[in-house]
Amino acid sequence: MCILLLILQHILIIASHQTHGLKNNEVNAETYAAYYNYVDLTDRLQSLYQKYAHICSLSSIGQSMEGRELWVMRVTTDPRVDVPGKPRFKYVGNIHGDESLSRQMLVYLIEHLLTQYNRDARVTELVNRTDIYIMPSMNPDGFERAEEGDCAGSSEARENAKHYDLNRSFPDQFEPSGTTYDIPEVTAVMKWILEKKFVLSGSLHGGSVVASYPFDDTSSHKTLGLYSPTADDALFRHLAQTYAENHPVMKMGEPHCPDDPNQSFKDGITNGAEWYDVRGGMQDYNYLKGNCFEVTFELSCCKYPPASQLYIEWANNRQALLLYLQEAHIGVRGFVMTTSGLALPDATISVSGIDHNITTWTFGDYYRLLLPGIYDITASSPG
């Protein structure tokens, strides 16, 4: 049997000799005592890659406006090749530079997956069966301007170096021609989404404590929008609930944030547009263009809490991060082939009664997230 390997160009793979002052395979123990700036983050990720290269690879999908790498750690068996049969999952953090907690949580998640492989049964199964991609910071430039302890944040740190809000800059379903595309961070992530055809994704933010699911906007774009459901609304509510019910604060539905102490969210989840209608959101783009189901998780009322809170926040989020990742395996999966056994990439997978299709990947493999039930599913391809 001949297996074709998809080779992605323009991806910077970190060479094994780059250790930045650490001895080969040496990784300092995590202290949960400080945030990592860009240099620290780069060193930490490279050190982890050096020690655990058998189950991870480190690459950059592009650069920020100021030339910082958009690092992605891939955690899986066979981490330098694409193989059939594994759903692709991603977490993206620090989209807004001043929402800094997510950045640290994803570094800790990377460390947890790597250090607990072949020690913890659930982690081992996730790494064996899932192709996991984790981007701790989509906005490294904004982070460098943020200040620890600033709970409200600032537009200077929230936006990228060109003053664009990265989570308002993706093509909008109602006004696609009105979106600006000259934003390197957004362009790189859009290309990554389209190339990888991720199955499930989590986008991590700060400013409240809630799981927010698509759609993020309505055609009217009101500040306080109407409920805007996708064709997979029940599934999205389930995915959001998976995270929320495993987060001790989020599940209560009453974050008691100082700027809106009376705000509440039933079961700790909300429809994005119903909560706050915004255009150009990343999670809507994932669903409409990228084959991917994405939910947004707001992790804390304070956007940049003091480092003394990091271990507590990691304890609050660890279980939820792992259980949400596990949801990449619900639903149905399979391969679409010709009668002679050749893979059919880009074949359409349709579910009767749900007006949202996905397509197969390089090996003709598909992963259609669905709740338990009986479905009529059709695979089709031109010719």
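Residues numbered from 1 in each chain as written. Predicted model: local features only at pLDDT ≥ 70, side-chain atom pairs only at ≥ 80, totals over all residues. Heavy atoms only, no water.

What to know about the state of the cysteines
Step number 1: Under the criterion given, the structure shown has 2 disulfides.
Step number 2: For Cys151, the disulfide goes to Cys302, at an S-S distance of 2.1 Å. On the sign convention where negative means left-handed, the S-S torsion of about -85 degrees between Cys151 and Cys302 marks this disulfide as left-handed. Of this pair, Cys151 sits in the loop between helix H4 (140–145) and helix H5 (155–158) while Cys302 sits in the loop between strand E9 (293–300) and helix H10 (310–326), and the two are 151 residues apart along the sequence.
Step number 3: Residue classification places Cys151 among the partly exposed residues on the basis of a relative accessible area of 37%.
Step number 4: Relative accessible area serves as the criterion here: at 12%, Cys302 is assigned to the buried category.
Step number 5: The side chain of Cys257 participates in a disulfide bridge whose partner is Cys301; the two sulfur atoms lie 2.0 Å from each other. Across the S-S bond linking Cys257 and Cys301, the dihedral sits near -80 degrees, which makes this disulfide left-handed. Taken as a pair, Cys257 in the loop between helix H7 (233–244) and strand E8 (269–271) and Cys301 in the loop between E9 and H10 lie far apart in primary sequence, 44 residues in all.
Step number 6: Shown here for the protein is a disulfide pattern of 1-4, 2-3, where each number marks a bonded cysteine counted in sequence order. (Disulfide = S-S within 2.5 Å. Helix = DSSP H or I, 4+ residues; strand = E, 2+ residues; numbered from the N terminus. Buried < 20%, exposed > 50% of the residue type's maximum accessible area, 1.4 Å probe, protein only.)

Here we look at the pattern of salt bridges
Step number 1: Scanning the entire structure with this criterion turns up 18 salt bridges.
Step number 2: Salt-bridge contacts for Arg74 lead to Asp82; the nearest nitrogen and oxygen are separated by 3.1 Å. No difference in accessibility class separates Arg74 from Asp82, as the two residues are buried.
Step number 3: Here the salt bridges do not stand alone but share partners, grouping Glu66, Arg68, Asp141 and Arg145 into one network. (Salt bridge = Lys/Arg side-chain N within 4 Å of Asp/Glu carboxyl O.)

Overview of the packing of H7 against H10
Step number 1: At a closest axis distance of 8 Å, the pairing of H7 and H10 adopts a crossing angle of 150 degrees. In this view, H7 runs roughly antiparallel relative to H10, as classed from their interaxial angle. On the side of H7, the interface is formed by Leu239, Thr242 and Tyr243, while H10 contributes Asn317, Ala320, Leu321, Leu323 and Tyr324.
Step number 2: Of the residues that constitute the contact of H7 with H10, the class distribution is 6 nonpolar, 2 polar and no charged. (Axes fitted to C-alpha atoms, helices over the stretch in contact; angles between N-to-C directions. Parallel < 35°, antiparallel > 145°, perpendicular 65-115°, else oblique. Contact = heavy atoms within 4.5 Å. Nonpolar A, V, L, I, M, F, W, Y, C, P; charged D, E, K, R; others polar.)

A word on the nonpolar core
Generally speaking, a soluble globular protein has its nonpolar side chains buried in company with each other.
Step number 1: With 66 residues, the main nonpolar core has Met73, Tyr91, Leu109, Tyr243, Val295, Phe297 and Tyr324 as its most contacted residues.
Step number 2: Residue contributions to this core peak at 9 residues, all from helix H2 (residues 101–116).
Step number 3: Residues Ile61, Val72, Met135 and Phe198 belong to the second largest nonpolar core, which totals 21 residues. (Core = buried A, V, L, I, M, F, W, Y, C linked by side-chain atoms within 4.5 Å.)

Details of the sheet that holds strand E11 (residues 348–351)
Step number 1: Across the sheet, which stays open at both edges, the 3 strands sit in the order E12-E11-E14 with antiparallel pairing between neighbours. Every other strand in the sheet has two partners, leaving strand E12 (354–359) and strand E14 (377–380) as the edge strands with one partner each. Adjacent strand axes in the sheet meet at a mean angle of 20 degrees, parallel and antiparallel pairs treated alike.
Step number 2: Sheet topology note: the E11/E14 ladder contains 4 bridges and is antiparallel. If you follow Ser350 over to E14, its bridge partner there is Thr378. (Pairing = 2+ DSSP bridges.)

Let's talk about unusual backbone geometry
What is expected of a backbone is that most residues other than glycine have negative phi and most peptide bonds are trans.
Step number 1: Cis geometry marks the peptide bond from Pro214 to Phe215, where omega comes out at 0 degrees.
Step number 2: In this fold, Phe215 is placed in the loop between strand E7 (208–213) and H7.
Step number 3: Phi angles above zero are rare outside glycine, and Asn94 is one such case at about 55 degrees.
Step number 4: As for its placement among the helices and strands, Asn94 is situated in the loop between strand E4 (88–92) and H2.
Step number 5: We classify Asn94 as buried; its relative accessible area is 0%.
Step number 6: With a phi close to 55 degrees, His256 is a non-glycine residue in the positive phi region.
Step number 7: With respect to the helices and strands, His256 occurs in the loop between H7 and E8.
Step number 8: On the basis of relative accessible area, His256 is assigned to the exposed category, the value being 53%.

So, helix H6 (residues 184–196)
Step number 1: The end-to-end C-alpha distance of H6 is 18 Å, a good match for the 18 Å that 13 residues give at a rise of 1.5 Å each.
Step number 2: Restricting attention to buried positions, one finds in H6 the residues Glu185, Val186, Ala188, Val189, Met190, Trp192, Ile193 and Lys196.
Step number 3: Remark: Lys197 follows H6 within two positions and exhibits a positive phi of approximately 50 degrees. (Expected span 1.5 Å × (residues − 1).)

Some points on the packing of aromatic side chains
Step number 1: What the rule picks out here adds up to 22 aromatic pairs.
Step number 2: A centroid spacing of 5.4 Å and a plane angle of 75 degrees characterise the contact between Tyr287 and Phe293, whose relative ring orientation is edge-to-face. Across this residue pair, the class does not change: Tyr287 and Phe293 are buried.
Step number 3: In this structure an aromatic cluster arises from ring pairing among Phe89, Tyr91, Tyr243, Phe297 and Tyr324. (Phe/Tyr/Trp six-rings, centres within 6.5 Å; stacked < 30°, edge-to-face > 60°.)

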